[in-house]
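Observations on the three-dimensional arrangement
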Amino acid sequence: PKAPPVVVMTAYASVDSAVDAMREGAIDYLTKPFDEARLRLTLKRALRMTDLMAENHRLRDTVEQRYDFSQILGASEPMVAALKLAGKVAASDSTVLVQGESGTGKELVARAIHFNSPRRSGPFVALNCAAIPETLLEAELFGAEAGAYTGATKRRRGRVELARGGTLFLDEVGDMPGTLQTKLLRLLQEKTFTPLGAEAEQKADIRFVFATHRNLEQMVKEGKFREDLMYRVSGLRVARPPLRARGGDVALLADAFVARFAQDTGRKGLRLSAAAKVALAHHAFPGNVRELSNIIERAVILAEEEVIEPSDLGLHEP
């Protein structure tokens, strides 16, 4: 059971005792004689704080359940093997590289690793290295002091600082510019970083999870990725198999997506026909799970009957 909120009441007030009480977790410190209105206000605040704490725990439990490995759908041999490995690496604090084609759900696995790790109570902070211009990526990652660059009117906390005590997920690390690869290497080696415009280094208490759809070994050969950095980011590798290699998982995922989107649109009785499942099974899915999700969402919206037929899928294949 969660401890109730504590309000300290005393007739012998002192600065030291007030500091000690707050340090031990008291939410307020009242001195006698106290005003009744003040007491009522304090108790209301204590009850409100209890409600907020209970809601916070409920939401965290919901998130942790959502990202439990058992909630990631997949019964094919490649998927079962990948999830088994991910479950093992989650228990450590080692750096992990999640590899797979675009659309295979690499961030989903990264989140599952975090929420099944000793750092689950800390933040999960994600940054897509390919989605932010090179000129802004360093400040986004490491933070910046006011005046560090044009337009920086106040101190900006970077993702490394925001992830303190938790997990930093750097997606598409293979797209990181060469100038930043050196700074990322130092962060991994020394577990320290320096925000733009700052003089003092800061400690980085974080677990690193990386992801990429690129072949880092080939990029090293081409001179596009540092070899020493490659070894650092790929301490433990977890492969996310493409959908075309997952066999019966297509039908499993398709049914799950139909159920989700049908509920969202108020069409709970909607289902896939046998012919539609055959059509999906023969589709190559170059966009992987993301493409399947988009196909099903479109079909749920456009299907005129209660059964989704191949013509509703929009595959345009012979």
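In short, a report on the structure. Per chain, residue numbering runs from 1 following the sequence as it is written. The model is predicted, so local features are restricted to residues of pLDDT at least 70 and side-chain atom pairs to those at 80 or more, both for listing and for counting; the totals for chains, interfaces and linings are taken over all residues. Calculated side-chain values reflect all of the structure's heavy atoms, with hydrogen atoms and water omitted.

Remarks on the overall build of the protein chain
Secondary structure follows DSSP: runs of H or I at least 4 residues long count as helices, runs of E at least 2 residues long count as strands, and numbering of each begins at the N terminus. In terms of helices and strands, the protein chain carries 13 helices and eleven strands. Burial statistics for the protein chain: of 318 residues in total, 41% are counted as buried. The long-range share in the protein chain, meaning contacts at least 24 apart out of those at least 6 apart in sequence, stands at 68%. For every residue, the accessible area (1.4 Å probe, protein chains only) is compared with the maximum for its type, and the residue is labelled buried under 20%, exposed over 50%, or partly exposed between those bounds. Only heavy atoms matter for contacts: two residues are in contact if any of them lie within 4.5 Å across the pair.

Examining the pairing of strand β3 (residues 96-99)
The alternating pattern of β3 places Val96 and Val98 and Leu97 and Gln99 on opposite faces, both of which are buried. We treat two strands as partners when DSSP finds at least two bridges between them. Judged from the four bridges that link them, β3 and strand β8 (residues 207-212) form a sheet pairing that is parallel. What sits directly across from Val98, in β8, is Ala211. Judged from the four bridges that link them, β3 and strand β9 (residues 236-239) form a sheet pairing that is parallel. Looking at the pairing, Leu97 lines up with Arg237 of β9.

Some thoughts on the pattern of salt bridges
Only one rule defines a salt bridge in this text: a Lys or Arg side-chain nitrogen within 4 Å of an Asp or Glu carboxyl oxygen. Counting across every chain of the model gives 18 salt bridges. Residue Arg119 pairs with Asp93 through a salt bridge whose shortest N-O separation is 2.8 Å. A residue pair is termed long-range when its members are at least 10 positions apart, and Arg119 in the loop between α4 (106-115) and β4 (124-128) and Asp93 in the loop between α3 (77-90) and β3 qualify at 26 residues. One salt bridge in this structure joins Asp228 and Arg226, with 2.7 Å as the shortest N-O distance. The class of Arg226 is partly exposed, set by a relative accessible area of 30%. The network of salt bridges with common partners includes Glu145, Arg155, Arg157 and Glu161.

Concerning the side chain of Thr167
Relative to the elements of secondary structure, Thr167 occurs in strand β5 (residues 167-171). In contact with Thr167, not counting residues within four places along its chain, are His114, Pro123, Phe124, Val125, Arg207 and Val209.

Concerning the sheet that holds β9
An order of β4-β5-β8-β3-β9 is seen for the five strands of this open sheet, with the pairing classed as parallel. Two strands bound the open sheet, and with one partner strand each, they are β4 and β9. Geometrically, the sheet is characterised by an average inter-axis angle of 20° between neighbouring strands, direction not taken into account. Each axis is a line fitted through C-alpha atoms, taken for helices only over the stretch in contact, and angles between the N-to-C directions span 0 to 180 degrees.

Some points on unusual backbone geometry
One non-glycine residue, Lys191, lies in positive phi territory at about 55°. Mapped onto the elements of the fold, Lys191 is located in the loop between α7 (178-190) and β6 (192-193). Phi is positive for Phe285, close to 50°, though the residue is something other than glycine. In this structure, Phe285 sits in the loop between α11 (274-281) and α12 (288-302). A relative accessible area of 0% places Phe285 in the buried class.

Here we look at the nonpolar core
Among buried residues, those of type Ala, Val, Leu, Ile, Met, Phe, Trp, Tyr and Cys that are joined through side-chain atoms within 4.5 Å constitute a nonpolar core. Ranked by internal contacts, the top residues of the largest apolar core, which has 31 residues, are Leu141, Val160, Leu168, Leu170, Leu184, Leu187 and Phe210. The set of elements that each furnish at least two residues to this core consists of β4, α5 (134-142), β5, α7, β8, α8 (216-221) and α9 (227-233). Per-element tally for this core: the top contributor is α7, with five residues. Residues contacting Leu187, with those up to four places away along its chain left out, are Phe142, Val160, Thr192, Phe193, Ala204 and Phe208. Residues Ala262, Val300, Ala303 and Leu313 belong to the second largest nonpolar core, which totals 23 residues.

Focus: helix α10 (residues 249-264)
Here α10 contains 16 residues, and its C-alpha end-to-end distance of 22 Å stays within 8% of the 22 Å for a straight helix at 1.5 Å per residue. Residues Asp249, Val250, Leu253, Ala254, Phe257, Val258, Phe261 and Ala262 constitute the buried set of α10. Tucked into the core, α10 has its buried residues touching α3, β10 (271-272), α11, α12 and β11 (307-308). In a helix, the anticipated span is given by 1.5 Å times the number of residues less one.

Re the environment of Arg207
The topology assignment puts Arg207 in strand β8. The buried category is assigned to Arg207, whose relative accessible area is 1%. Along the chain, Arg207 and His114 lie 93 residues apart, while their C-alpha atoms are 8.7 Å from each other. Beyond its immediate chain neighbours, meaning those up to four positions away, Arg207 contacts Val89, Ala90, Ser92, Asp93, Ser94, Val96, Ile113, Ser117, Arg119, Gly166, Thr167 and Leu168. For Arg207, the side chain forms a polar contact with the main-chain oxygen of Val89, separated by 2.8 Å. Here Ser94 takes part through its backbone oxygen, which lies 2.7 Å from a polar atom of the side chain of Arg207. Counting of polar contacts relies on pairs of N or O atoms within 3.5 Å, with two restrictions inside protein: one atom must be capable of donating a hydrogen and the other of accepting it, and residues adjacent in sequence are counted only when both atoms are side-chain atoms.

Here's the deal with α5
Residues Leu137, Glu138, Ala139, Glu140, Leu141 and Phe142 constitute the buried set of α5. Two residues or fewer after α5 comes Gly143, characterised by a positive phi angle close to 90°.

Digging into the packing of α10 against α12
The description of two packed helices rests on the angle between their axes and on the distance between the axes. Orientation of α10 relative to α12, taken along the N-to-C sense of each, is 45°, at an axis distance of 9 Å. Of the possible angle classes, the one that applies to α10 and α12 is oblique. The chirality of how α10 crosses α12 is right-handed. Contacts from Val250, Leu253, Ala254, Phe257, Val258, Phe261 and Ala262 in α10 reach Val289, Leu292, Ser293, Ile296, Glu297 and Val300 in α12. Of the residues assigned to the contact of α10 with α12, the class counts are eleven nonpolar, one polar and one charged. By the definition adopted for this analysis, an angle is roughly parallel if under 35 degrees, roughly antiparallel if over 145, roughly perpendicular if from 65 to 115, and oblique otherwise. Each crossing gets its hand from how the near helix is turned against the far one by less than a right angle, where anticlockwise is left-handed and clockwise is right-handed. Ten residue types, Ala, Val, Leu, Ile, Met, Phe, Trp, Tyr, Cys and Pro, are classed as nonpolar, four, Asp, Glu, Lys and Arg, as charged, and the remainder, Gly among them, as polar.

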